[in-house]
Amino acid sequence: MAMDAERRQAELIAQFSAQAAALSSAPQLAALVLEATSHPALFAFSELLTLPALSKLAGTQYASSLDLLRLFAYGTLKDYKSNSGSLPALLPDQVRKLKQLSVLTLAESTKILPYDQLMQELDVSNVRELEDFLINECMYSGIVRGKLDQLRRCFEVQFAAGRDLTPDQLTNMIETLSDWLGTSDSLLHQIQEKIKWADTMSEVNKKHQKEFEDRVEEAKKSIKLNNLSRQTSTYGGMTTFSLNLEE
Amino acid sequence: MSAPSDAAAAVDTPAPTTAAAASSGGFTFKLHPLVIVNVSDHHTRVKAQAACSGDSSSSSSGAGAGQPPRVFGCVIGVQRGRTVEIFNSFELVLDPVSGTLDRAFLEKKQELYKKVFPDFYVLGWYSTGSDVHDTDMQIHKALMDVNESPVYLLLNPTINLSQKDLPLTIYESELHVIDGSPQLIFVRSNYTIETVEAERISVDHVAHLKPSDGGSAATQLAAHLTGIHSAIKMLNSRVRVIHQYLVAMQKGDIPVDNSLLRQVSSLVRRLPAMESQKFQDDFLMEYNDTLLMTYLAMFTNCSSTMNELVEKINTSYERPTARRGGRGAFM
């Protein structure tokens with residue numbers, strides 16, 4: 001399920017990388033960047049960023065295209081707004097894509113996103129528009145999966161596709177994974193202890209049961225002997241007495 | 001792939017019919033658990049009845065003195081292209097004198113099944129035994145007019161504890177040239193098990209019966225915990241692999257694969273699986289409910305034990321005077 005979004009992108013990425021390798025002039029590369037950032041199904045840009053061809057753009061008048069690509073790879077709509085002076089104007093397709101990427105970034109930090117925060121980040125004014133955006137753009141395209149809770153005005157994210165990673169994020173991920181491993185190891189240990197406890201308790205219970213039964217048997221035997229010895233001496237009431245104890 | 005019946009007629013002696021060769025026909029067989037249960041049930045019933053009546057059952061062909069009688073039946077299912085899916089089976093009676101199956105009964109059963117399952121065709125037949133018998137080929141050929149290439153399902157009823165696979169083999173018939181003349185022989189085929197949801201539930205249920213028939217609640221708890229333990233262990237090992245991969249990637253041993261990194265990052269984002277306040281509230285409520293019920297059950301248990309004890313004391317210390325309308329000892 002996570003892999004579907006990635007698989008779809010893999011083809012597009014391969015296609016764009018091939019195109020970029022073929023082109024050599026700066027304006028063509030800039031046009032390619034524009035096309036890549038407006039493509040409705042492409043959310044991964046780090047492959048394109050690392051292509052040597054694109055680094056040629058830096059320093060030329062098309063350097064802003066490179067910055068734009070970097071923004072799409074790592075940044076959100078807020079970053080765009082604060083730097084809008086140095087970046088080229090965005091087409092509506094690109095704006096939409098940037099909004100989708102912003103949602104992904106938000107989903108990285110918390111699992112429950114309040115509507116107010118989303119509305120602020122995505123620059124929409126009413127809940128209806130926000131929900132439409134989330135449903136149509138994010139969930140139907142498969143990059144996000146979750147539940148919309150209108151009563152408590154929040155969006156619970158169950159799954160979000162990954163964005164491109166900056167190198168320091170890699171360290172964070174490794175740390176998280178090792179924590180996860182540590183927790184599951186201790187959990188396994190505890191489960192094993194519980195299993196041992198359950199077995200010991202059932203053993204104790206069985207022993208207790210057996211002891212009890214042994215004592216009952218002993219008591220029965222001693223009563224019978226008593227009864228036999230007494231029957232020779234007295235009759236009547238004692239037999240009634242012992243009969244009642246026979247149960 | 002199907003053998004023409006005139007070639008079959010040319011072979012009148014029951015030649016050795018088994019072959020260890022794998023089938024080259026390219027058919028994929030899918031078997032449902034219902035069929036396996038049916039066949040083993042048929043065999044068990046006949047065996048029990050034979051043992052009960054004390055004489056060797058008449059439906060055996062080639063059964064030795066100490067061997068359980070062989071049972072026969074038909075398997076039905078659907079054939080779509082190269083995939084043969086066997087859904088169900090029913091029993092047939094083998095006439096021991098002529099060695100042929102009861103055709104009238106087969107036709108009648110076929111008709112009945114057709115009404116309920118219009119898609120199912122007779123795909124072949126089954127039998128029990130440890131290996132293919134010489135007479136099986138005759139029966140196989142007899143069925144060829146119903147289905148041009150029937151399958152033969154053989155169930156081995158001897159219980160072999162060391163064997164890991166199912167004691168069930170599927171044979172197809174192929175025309176091979178042996179000693180210069182084409183003959184039909186059985187070749188073994190592979191099969192997979194397909195389950196419908198209902199079958200899965202019942203098989204699961206039967207599989208879990210074993211530990212709980214010995215045991216107290218504690219062994220059930222241990223079995224449940226062991227299941228969880230192995231599941232978490234598997235998850236642990238897989239996460240460990242990913243962790244090592246990332247560390248190697250960071251050190252530079254492995255070239256950076258962005259697409260994988262993105263997938264891992266989305267995986268890591270899924271933790272913690274549950275963190276809202278609502279979950280905590282619901283969880284604690286359910287936990288308290290369970291504790292309360294256990295407490296209540298314990299209470300009931302205790303009070304009933306107490307009641308029994310008091311009754312026993314009353315009865316045992318009942319004085320003879322009480323019979324004359326006097327008061328009871330304790331209550």
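Everything that follows concerns the structure shown earlier in this document.
Since we're looking at a predicted model, the values are computed, not measured.

Novice: Whenever I open this one, the overall build of chain B confuses me. Can you help?
Specialist: What chain B contains, in helices and strands, is eight helices and ten strands. Looking at the 331 residues of chain B, the share that counts as buried comes to 31%. Pairs at least 24 residues apart make up 63% of the contacts formed inside chain B by residues separated by at least 6 positions.

Novice: Where do I start with the sheet that holds strand β9 (residues 181-189) of chain B in this structure?
Specialist: Consider a sheet: its strands pair through backbone hydrogen bonds, and that pairing is either parallel or antiparallel. All names here are of chain B. In space, the eight strands of this open sheet follow the order β9-β8-β7-β6-β2-β3-β1-β10, with mixed pairing throughout. The open sheet has two edge strands, β9 and β10 (191-193), and neither has a second partner. Each strand of the sheet is rotated relative to its neighbour by a mean of 35 degrees, with strand direction disregarded. Pairing between strand β1 (residues 28-31) and strand β3 (residues 83-92): four bridges, direction parallel. Across the sheet, residue Thr28 finds its bridge partner in β3, namely Thr83.

Novice: Would you take a moment to explain the packing of helix α8 (residues 115-122) of chain A against helix α9 (residues 127-139) of chain A for this structure?
Specialist: How two helices sit against one another is set out by the angle between their axes and by the gap between those axes. All names here are of chain A. For the pair α8 and α9, the least separation of the axes is 10 Å and the interaxial angle reads 80 degrees. As the angle between them shows, α8 and α9 are arranged roughly perpendicular. Contacts between α8 and α9 involve Tyr115, Leu118, Met119 and Leu122 from the former and Val127, Leu130, Glu131, Phe133 and Leu134 from the latter. Residue composition of the contact of α8 with α9, grouped by class: eight nonpolar, no polar and one charged.

Novice: Can you walk me through the pattern of salt bridges in this structure?
Specialist: Counted according to the given criterion, the structure contains 15 salt bridges over all chains. One salt bridge in this structure joins Glu156 of chain A and Arg152 of chain A, with 3.9 Å as the shortest N-O distance. A salt bridge links Arg45 of chain B to Asp41 of chain B, with the shortest nitrogen-to-oxygen separation between them at 3.1 Å. Of this pair, Arg45 of chain B and Asp41 of chain B are both found in helix α2 (residues 33-53), four residues apart, which corresponds to roughly one turn of the helix. Given a relative accessible area of 38%, Asp41 of chain B falls into the partly exposed group. One network of salt bridges, with partners in common, ties together Asp149, Arg152 and Glu156 of chain A.

Novice: Looking at this structure, I do not really get empty space enclosed by the protein. What am I missing?
Specialist: By rolling a water-sized probe across the atoms, one finds the places where empty space is left. Residues and elements named next belong to chain A. Scanning all chains against the criterion turns up two cavities of 30 Å³ or more. Within this model, the largest cavity holds a volume of roughly 50 Å³. If you tally residues by element for the lining of the largest cavity, the top one is strand β3 (residues 154-160), at four residues.

Novice: Looking at this structure, how should I read the packing of aromatic side chains?
Specialist: For any pair of aromatic rings, the description rests on two quantities: the centre-to-centre distance and the angle between the ring planes. Residue and element names in this part refer to chain B. This structure, assessed with the given rule, holds 13 aromatic pairs over all chains. Where Tyr152 meets Phe186, the ring centres are 5.2 Å apart and the plane angle is 40 degrees; that geometry is what we call tilted. Note that Tyr152 is positioned in strand β7 (residues 151-155) and Phe186 in strand β9, a separation of 34 residues in sequence. Phe186 carries the same exposure label as Tyr152, and that label is buried. Seen from their ring centres, Tyr171 and Phe186 are 6.0 Å apart, and the 55 degrees between their planes marks the pair as tilted. Of the two residues, Tyr171 sits in strand β8 (residues 168-178) while Phe186 sits in strand β9, which places them 15 residues apart along the sequence. For Tyr171, a relative accessible area of 3% puts it in the buried group.

Definitions and cut-offs
- Residues numbered from 1 in each chain as written.
- Chains lettered and ligands numbered in written order.
- Predicted model: local features only at pLDDT ≥ 70, side-chain atom pairs only at ≥ 80, totals over all residues.
- Heavy atoms only, no water.
- Helix = DSSP H or I, 4+ residues; strand = E, 2+ residues; numbered from the N terminus.
- Buried < 20%, exposed > 50% of the residue type's maximum accessible area, 1.4 Å probe, protein only.
- Contact = heavy atoms within 4.5 Å.
- Pairing = 2+ DSSP bridges.
- Axes fitted to C-alpha atoms, helices over the stretch in contact; angles between N-to-C directions.
- Parallel < 35°, antiparallel > 145°, perpendicular 65-115°, else oblique.
- Nonpolar A, V, L, I, M, F, W, Y, C, P; charged D, E, K, R; others polar.
- Salt bridge = Lys/Arg side-chain N within 4 Å of Asp/Glu carboxyl O.
- 1 Å grid on protein atoms, 1.4 Å probe; cavity = no way out; pocket = protein on both sides within 12 Å on 5 of 7 lines; lining within 4 Å.
- Points joined across faces, edges and corners; volume = space filled by probe spheres on them.
- Phe/Tyr/Trp six-rings, centres within 6.5 Å; stacked < 30°, edge-to-face > 60°.

Don't take any of this as a statement about function, it's just geometry.
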